[in-house]
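Examination of the molecular architecture
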Amino acid sequence: MSSLEERDVVAAPGSSSAGLGVGAVGAAVEAVAGVAAMQEEVGIRREGPEPDPDEPPKKRVRLPEGESGKLEERLYSVLCCTVCLDLPKASVYQCTNGHLMCAGCFIHLLADSRLKEEQATCPNCRCEISKNLCCRNLAVEKAVSELPTECTFCLKQFPRSSLERHQKEECQDRVTQCKYKRIGCPWQGPFHELPAHESECSHPTKTGTELMGILGEMDQSHRRDMQLYNSIFSLLCYEKIGFTEVQFRPYRTDDFITRLYYETPRFTVLNQTWVLKARVNDSERNPNLSCKRTLSFQLILKSKVNSALECSFLLLKGPYDDVRIKPVIHHHSFSNDANETDYVPLPISDSVECNKLLAAKNINLRLFIFQVQK
């Protein structure tokens, strides 16, 4: 309220302060405060547009695009992989001139050079690269881990270092499954909808006959998974069991299009001499043109035997390798006329694991042989 209005209230013509009652004074003070508040509110509204009460809170508090946003964009272009042009998700390697490569692209370049029988080079400056010449850039790895990225579920921004924990444990929109999945409930949905679904899920109220049908299908899938482990336990009961560490070394053929093969030196298991061979992409004449990579191997008996040798064998990863192999048991009856097995797939999970093996100078695995006693 202005000073003129204050004078009108406090000293109105024909009245005095002594003539005003306590109640009138209190009412006048409240009126003054109310007018002042109204004027203050009007003044604020004149300074800027009135906010929309229905607008989401995040839009009201979001800061305008500034230098920080431009800096992030520049860092994205500086720290990205020179091959895939994306920010590295794990290890970051650099050539001798400092150009960056994510772990996946680095391994893929080494594997391609192995298939083409060429020296691997940096795609940017063409300097030679190898596991010995290149090193990890820890500063870039830490910088990338602090850059913001978007959660695929809730679309909020988080530092890359904390994104995995958020998506697995904290995000209310992460995909989860009903706790009654073990009795056949197929529901999947956002985590915040899980309590409502579980309170209305129909599977706990199903009859025993209905549940037995559902569990029968689940048991069949579980039975297939357990068959491998049961087979391995039965093999451990054999009288003769042998194992050894094998190292595949690369060599090339003299064909018109040279192909990459692998072979181990001769080794002795169960008093017999053996050799392992491996090849890349069985049916493809030029495997370096394919993005899909596979390895297959065969076991060859080099010793002469007096009678057939019934054997089971499997390959596992070596003690110092990080490649993932799902073991598969193979059987063959070895004799002087049938001393070689057919080529069988090396049970690696995908092409990424295959590239890890191809990028290495040698492939180190562990071979188990079980001899069947007659």
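Residues numbered from 1 in each chain as written. Predicted model: local features only at pLDDT ≥ 70, side-chain atom pairs only at ≥ 80, totals over all residues. Heavy atoms only, no water.

1. Considering a nonpolar patch on the surface
- A cluster of nonpolar side chains, M226, Y229, F233, L236 and I241, forms an exposed patch at the surface whose accessible area comes to about 490 Å².
- Take the nonpolar patch: its biggest share by element is 3 residues, from helix α9 (residues 208-235).
- Note on placement: Y229 falls in helix α9.
- Owing to a relative accessible area of 48%, Y229 belongs among the partly exposed residues under this scheme. (Patch = residues over 30% accessible without salt bridge, like charges linked within 9 Å, V, L, I, M, F, W, Y side chains within 5 Å. Areas by Shrake-Rupley, 256 points an atom, 1.4 Å probe, with all protein chains shown as cover. Salt bridge = Lys/Arg side-chain N within 4 Å of Asp/Glu carboxyl O. Helix = DSSP H or I, 4+ residues; strand = E, 2+ residues; numbered from the N terminus. Buried < 20%, exposed > 50% of the residue type's maximum accessible area, 1.4 Å probe, protein only.)

2. Quick word on the side chain of S113
- Positionally, S113 belongs in helix α5 (residues 103-116).
- Owing to a relative accessible area of 12%, S113 belongs among the buried residues under this scheme.
- When near neighbours in sequence (up to four residues on either side) are disregarded, S113 contacts E118, Q119 and A120. (Contact = heavy atoms within 4.5 Å.)

3. Re the pattern of salt bridges
- Within this structure, the stated rule accounts for 8 salt bridges.
- Where E353 meets R324, a salt bridge forms, and the shortest distance between an N and an O atom there is 3.1 Å. You can see E353 sitting in helix α10 (residues 351-359) and its partner R324 sitting in the loop between β13 (309-317) and β14 (330-334), a full 29 residues away along the chain.
- Overall, the relative accessible area of 1% leaves E353 in the buried class.
- Among the charged side chains, a salt-bridge network with shared partners connects R324, E353 and K356.

4. A word on the environment of K326
- As for its placement among the helices and strands, K326 is situated in the loop between β13 and β14.
- For the pair K326 and L315, spaced 11 residues apart in sequence, the C-alpha separation works out to 9.1 Å.

5. Let's talk about the nonpolar core
- Counting residues in each nonpolar core, the largest one holds 35 residues, and the members touching the most others are W274, L276, L299, L346, L358, L367 and I369.
- Ignoring sequence-local partners within four residues, the contact set of L276 consists of V246, F248, Y262, E263, T264, F267, F297, Q298, L299, L315 and L367.
- Core analysis: the second largest hydrophobic core is formed by 15 residues, F106, C122, C127 and I129 among them. (Core = buried A, V, L, I, M, F, W, Y, C linked by side-chain atoms within 4.5 Å.)

6. Points about the packing of aromatic side chains
- Inspection of every chain in the model, using the stated rule, returns 6 aromatic pairs.
- Taken together, a centroid distance of 4.5 Å and an interplanar angle of 15° make the contact between Y93 and F106 stacked. Pair noted here: Y93 is in strand β1 (residues 92-94) and F106 is in helix α5, with a separation of 13 residues, a long-range link.
- Three or more aromatic residues joined by ring pairs make a cluster, and in this case those are F243, F368 and F370.
- Over the ring of F191 we find R174; its NZ or CZ atom is 4.0 Å from the centre of that ring.
- The ring of Y343 is capped by R279, whose NZ or CZ atom sits 3.7 Å from the centre of that ring. (Phe/Tyr/Trp six-rings, centres within 6.5 Å; stacked < 30°, edge-to-face > 60°. Lys NZ or Arg CZ within 6 Å of the ring centre and 35° of its normal.)

7. Some remarks on helix α6 (residues 138-146)
- Those residues of α6 that sit buried are V140, E141 and V144. Projected down its long axis, α6 shows its buried positions confined to an angular sector of 100°, all on one face. Turned more than 90 degrees away from the buried face of α6 sit A139, K142 and E146, all of them exposed.
- Sitting at the head of α6, N137 places a side-chain oxygen 3.3 Å from the backbone nitrogen of A139. (Arc of directions from axis to C-beta. Polar contact = N/O pair within 3.5 Å; in protein donor to acceptor, adjacent residues only side chain to side chain.)

8. Side note on the confidence of the model for the protein
- For the protein, per-residue confidence averages 78 on the pLDDT scale, and residues scoring 70 or more make up 79% of the total.
- A low-confidence stretch, residues 31-49 stays under pLDDT 50, and its non-local contacts, those more than four residues away or across chains, total 7 contacts.
- Low pLDDT, under 50, characterises residues 51-68; the stretch is placed with 6 contacts to residues that sit more than four places away or in other chains. (pLDDT = per-residue confidence, 0-100.)

9. Thoughts on the packing of α5 against α10
- It is the contact of α5 with α10, at a shortest axis distance of 8 Å, that shows an interaxial angle of 60°. Taken as axis vectors, α5 and α10 run oblique relative to one another. When you trace α5 past α10, the crossing you get is left-handed. Between α5 and α10, the residues in contact are I107, H108, L110, A111, R114 and L115 and N355, K356, L358 and A359, respectively.
- Residues belonging to the contact of α5 with α10 are distributed by class as follows: 6 nonpolar, 2 polar and 2 charged. (Axes fitted to C-alpha atoms, helices over the stretch in contact; angles between N-to-C directions. Parallel < 35°, antiparallel > 145°, perpendicular 65-115°, else oblique. Left-handed = near helix turned anticlockwise from the far one by under 90°. Nonpolar A, V, L, I, M, F, W, Y, C, P; charged D, E, K, R; others polar.)

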